[in-house]
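So you can see what is in the structure, the chains are spelled out below.
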Amino acid sequence: MTLLALTGGVGGAKLALGFAKVLPPEEVVFVVNTGDDFEHLGLHISPDVDTLTYTLAEVADPVAGWGRKDETWRFMAALERFGGETWFRLGDADLALHLHRRTLLGLGLSLTAATREIAARLGVEHSILPMSDDPVRTRVLSPDGPLAFQHYFVRDRCAPKAVGFEFAGAEAASVNPAIPFESLTAIVICPSNPFVSVDPILAVNGMRDALLATGAPIVAVSPIVGGRAIKGPTAKMMRELGIPATTVEVAKHYAGLVSHFVVDEVDACARTKVAALGMQTVTLQTVMSSTDDRVQLARAVLEFIR
Ligand code: FO1
């Protein structure tokens, strides 16, 4: 089989690790949101690509989910003394990755090639593909105007009200040519934020049509469990957009694209409404606290597809 898994950062990377543990590198490819990318301190920051890379390399910080475990912060402390910008925290080892990526990009490598090189050096054998090599930048629309994604997410701690989203550059961006659409047997949308992690991927010019044209089942795993987001601001965003924060609403958001939808056991009663949208559904334990949980959910999703 060849599985394509679409993912954002921390939440999606958990299930991605489960797939990487049960499928060999030739049977799964990860396509990652780069709408969160930005230029900062002269560096190209690609948070979701790095979160997945560190997760698959099993060097991610287990508490934050982003950055590296056993990280040190001398660079940040030194930068602070200079009065530099420290709202976005780059650990010392993470900084090395960023400097190395700047070197690779400066040599003319694409983001895909730089990601492949960095992942290989960290011992990751599975393919991590940025959704596009062209810049796409997510902006959160707030009553006070648009906010660059990391300003909204990290600097302002998701406090501003979200009234909409923009994916600047998505229409002009090309789908990553390394995505093996022609050989896919299934597509999984990991339990990432539908609005700011998955929608930027789908917004890349031609991505949605290319996914649908594969004819492969498209399975989404709900990031909303019992009316709450497992991680991040998904539920808050839904309420601000005037949408009830329920798994059924997530399914509605994906209607027309997704053929199979995974709801958590606590939302078993939502299955009838999801089925009414024309999706096949299954109830699974989707909250992943341990590596075993990730592997178990990955296996169960594969079983559902089969
Ligand atoms: N998230 C934070 O909440 N605070 C940070 O200071 C922060 C720094 C950071 C550095 C590198 C990196 O790869 C990710 C980082 N993140 C940080 C996470 C990241 O910005 C978000 O989790 C994603 O953009 C949302 O998927």
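Throughout, a residue's number is its position along its own chain's written sequence, starting from 1. Per-residue local features of the predicted model are confined to residues with pLDDT of at least 70, and side-chain atom pairs are confined, for both listing and counting, to 80 or more; whole-chain, interface and lining totals are unaffected and use all residues. Side-chain measures were taken over the full set of non-hydrogen atoms in the model, leaving aside hydrogen atoms and water.

Where helices and strands are cited, they refer to DSSP runs of H or I of at least four residues and of E of at least two residues respectively, numbered from the N terminus. Check the secondary structure of the chain and you find 12 helices and 14 strands. Computation of the radius of gyration draws on C-alpha atoms, with the globule rule given as 2.2 Å multiplied by the number of residues to the power 0.38. Whereas a compact globule of 306 residues would reach a radius of gyration of roughly 19 Å, the chain reaches 18 Å, a difference of no more than 12%. Each residue gets one of three labels from its accessible area relative to the maximum for its type: buried under 20%, exposed over 50%, partly exposed in between, using a 1.4 Å probe on protein chains only. When the 306 residues of the chain are sorted by exposure, 54% land in the buried category. Whether two residues are in contact is decided by their heavy atoms, any of which lying within 4.5 Å being enough. Here the analysis covers contacts within the chain between residues at least 6 apart in sequence; of these, 68% occur between residues at least 24 apart.

Bringing the nonpolar core into the picture now. Across soluble globular proteins, nonpolar side chains show a tendency to be buried alongside one another. In this structure, Leu 4, Leu 6, Ile 189, Met 207, Leu 211, Val 258 and Phe 261 are the most contacted members of the largest nonpolar core, which totals 51 residues. Per-element tally for this core: the top contributor is helix H7 (residues 194-203), with 5 residues. Residue contacts for Val 258: discarding those within four places in its chain leaves Ile 189, Ile 218, Ala 220 and Met 279. Counting 41 residues, the second largest nonpolar core, distinct from the first, contains Leu 17, Ile 118, Met 288 and Phe 304. What we call a nonpolar core is a set of buried Ala, Val, Leu, Ile, Met, Phe, Trp, Tyr and Cys residues that are connected through their side-chain atoms within 4.5 Å.

With 5 of its 5 residues buried, strand E13 (residues 260-264) lies for the most part within the structure. The side-chain alternation of E13 yields two buried faces, one formed by His 260, Val 262 and Asp 264 and the other by Phe 261 and Val 263. Strand direction decides the pairing type here: strand E10 (residues 218-221) and E13, joined by 3 bridges, are parallel. Counted as the bridge partner of Ala 220 is Phe 261 from E13. The pairing criterion for strands is at least two bridges between them, as found by DSSP. Bridging between E13 and strand E14 (residues 280-284) involves 5 bridges; their strand directions are parallel. Note on E14: the bridge partner recorded for His 260 is Gln 280.

It is worth spelling out the pattern of salt bridges at this point. Criterion for a salt bridge: a side-chain nitrogen of Lys or Arg within 4 Å of a carboxyl oxygen of Asp or Glu. Going through the model one piece at a time under the given rule, you end up with 7 salt bridges. Of the charged contacts in the structure, one is a salt bridge between Arg 101 and Asp 50, with a shortest N-O distance of 2.8 Å. On the criterion of sequence distance, the pair formed by Arg 101 in helix H4 (residues 92-106) and Asp 50 in helix H2 (residues 47-56) is long-range, its members being 51 residues apart. Comparing Arg 101 with Asp 50 shows no difference in burial state: the two are buried. Between Glu 166 and Arg 139 there is a salt bridge whose closest N-O contact spans 3.1 Å. In this pair, Glu 166 is assigned in strand E8 (residues 164-168) and Arg 139 in strand E6 (residues 137-142), connecting sequence segments 27 residues apart.

An order of E5-E2-E1-E9-E10-E13-E14 is seen for the 7 strands of this open sheet, with the pairing classed as parallel. Each edge of the open sheet carries a strand with a single partner, namely strand E5 (127-130) and E14. Neighbour-to-neighbour, the strand axes of the sheet open up by a mean angle of 20°, direction not taken into account. Across 4 bridges, the pairing between strand E2 (residues 28-32) and E5 is parallel. Angles run from 0 to 180 degrees between N-to-C directions of axes, and those axes are lines fitted to C-alpha atoms, restricted for helices to the stretch in contact.

Direction vectors running N to C along helix H1 (residues 10-22) and helix H12 (residues 291-305) enclose 75°, while the axes themselves pass 7 Å from each other. As far as their axial angle goes, H12 and H1 are roughly perpendicular. Counting all contacts with H1, which are made through Lys 14, Leu 15, Leu 17, Gly 18, Phe 19, Lys 21 and Val 22, the residues of H12 involved are Thr 291, Arg 294, Val 295, Leu 297, Ala 298, Arg 299, Val 301 and Leu 302. Charged means Asp, Glu, Lys or Arg here, nonpolar means Ala, Val, Leu, Ile, Met, Phe, Trp, Tyr, Cys or Pro, and polar covers whatever is left, Gly included. Class assignment of the residues belonging to the contact of H1 with H12 gives a composition of 9 nonpolar, 2 polar and 4 charged. Each angle receives one of four descriptions, namely roughly parallel if under 35 degrees, roughly antiparallel if over 145, roughly perpendicular if within 65 to 115, and oblique otherwise.

Attention now goes to the pairing of E6. Residue alternation in E6 divides its side chains into a buried set, Thr 138, Val 140 and Ser 142, and an unburied set, Arg 137, Arg 139 and Leu 141. Pairing analysis gives 5 bridges linking E6 to E8, with the strands arranged antiparallel. Bridging across to E8, Val 140 finds its partner in Phe 165. Both E6 and strand E7 (residues 145-148) contribute to a ladder of 4 bridges, which runs antiparallel. Looking at E7, one finds that Arg 139 is bridged to Ala 148. Where E6 folds back on E7, the antiparallel hairpin that results is connected by 2 residues.

This brings us to the sheet that holds E6. If you walk across this open sheet you meet the 3 strands as E7-E6-E8, and the pairing is antiparallel. Among the strands making up the open sheet, the edge pair consists of E7 and E8. On average, each strand axis in the sheet is inclined to that of its neighbour by 30°, with strand direction left out of account. Lying on the sheet, H7 is in contact with E6 and E8; it crosses E8 at an angle near 40°.

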